Amino acid sequence: MLDCSLYGMRPWGHHLTNLIFHSVASVMLFLALRLLTGALWPSAAVAALFAVIRSMSNRWAWVAERKDVLSAFFWTLAFVRMRHARRAGALRTMPAARRTR
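Scope of this entry: the structure provided in the associated data block.

A separate point is the overall build of the protein. Scanning the protein from terminus to terminus reveals five helices and zero strands. Mapped in sequence order, the helices and strands of the protein form the string α-α-α-α-α. The buried share among the 101 residues of the protein stands at 24%. Once local pairs closer than 6 in sequence are excluded, the contacts in the protein between residues at least 24 apart make up 59%. Looking at the protein as shown, the accessible area adds up to about 7000 Å², and 71% of this sits on carbon and sulfur atoms.

One pass over the structure, following the stated rule, counts one salt bridge. D3 is the partner of R66 in a salt bridge, and the nearest nitrogen-oxygen pair spans 2.6 Å. Within this pair, whereas R66 is found in helix 4 (residues 66–87), its partner D3 is found in helix 1 (residues 2–7), the two being separated by 63 residues in sequence. Of the two residues, R66 and D3, neither departs from the other in class, the shared state being buried.

A few words on the environment of T17. Within the secondary structure layout, T17 lies in helix 2 (residues 11–37). Considered as a pair, T17 and V69 are 52 residues apart in the sequence and their alpha carbons are 9.8 Å apart. Beyond its immediate stretch of four places on either side in the chain, T17 contacts D3, Y7 and R66.

The subject of this paragraph is the side chain of R66. Here the side chain of R66 touches N18 through a polar contact of 2.3 Å, side chain to side chain. Once you skip the residues sitting within four places of it in the chain, R66 turns out to touch D3, H14, T17 and N18.

Turning next to the packing of aromatic side chains. The final tally for this structure, using the stated rule, is four aromatic pairs. On the basis of an interplanar angle of 70 degrees and a centroid distance of 5.1 Å, the ring pair of F21 and F73 is categorised as edge-to-face. Of the two residues, F21 sits in helix 2 while F73 sits in helix 4, which places them 52 residues apart along the sequence. By relative accessible area, which is 15% here, F73 ends up buried. Consider the rings of W75 and F79, whose centres lie 4.9 Å apart with planes at 85 degrees: the pair is edge-to-face. One end of the pair, W75, and the other, F79, are both in helix 4, four residues apart, so they sit about a helical turn from each other. Among the residues examined, W75 registers a relative accessible area of 46% and is labelled partly exposed. Here F79 falls in the partly exposed class, since its relative accessible area comes to 26%. An aromatic cluster is defined as three or more aromatic residues linked by ring pairs; in this entry it consists of F21, F73 and F74.

What counts, and where the lines are drawn
- Along each chain, residues carry numbers from 1 onward, in the same order as the chain's sequence is written.
- Residues qualify for local features only when their pLDDT is at least 70, as the model is predicted, and side-chain atom pairs are given and counted only at 80 or more; totals for whole chains, interfaces and linings, by contrast, use all residues.
- The basis for every side-chain value is the complete set of non-hydrogen atoms in the structure, without hydrogens or water.
- Only DSSP runs of H or I covering at least 4 residues are called helices, and only runs of E covering at least 2 are called strands; the numbering of each starts at the N terminus.
- Three exposure classes are used, based on accessible area relative to the maximum for each residue type with a 1.4 Å probe and protein chains only: buried under 20%, partly exposed in between, and exposed over 50%.
- Should any heavy atoms of two residues lie within 4.5 Å, those residues are considered in contact.
- Method for areas: the Shrake-Rupley scheme with a 1.4 Å probe, in which residue coverage is limited to the protein chains shown.
- By definition here, a salt bridge exists when the distance from a side-chain nitrogen of Lys or Arg to a carboxyl oxygen of Asp or Glu is within 4 Å.
- We call two N or O atoms a polar contact when they sit within 3.5 Å, provided that within protein one can donate a hydrogen and the other can accept it, with sequence-adjacent residues counted only if both atoms are side-chain atoms.
- In this analysis, rings of Phe, Tyr and Trp, with Trp reduced to its six-membered ring, are considered paired at centre separations within 6.5 Å, and the interplanar angle assigns stacked below 30 degrees, edge-to-face beyond 60, and tilted for intermediate values.

So this is what it looks like as structure tokens:
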């Protein structure tokens, strides 16, 4: 509904939103793989393949396929968040009652 409020029924805006979500998901995948593995070039290669293969299949180009673009976005966001939670020592800062489970 936000897209319709911003762009109306003009398709370029809906495609632009999908493209932005796909681009951010590709960058976040690179960051997540880089943080999890520590390998720069393999992480970049996997993220580049993800970006190219997904765009070649036109998932970001189809307005009706927003669910695929959003699922990739939130999937990569979860990986980045998981790594930052590990790095921040989230388990060490939990209350003692929750740690015993």
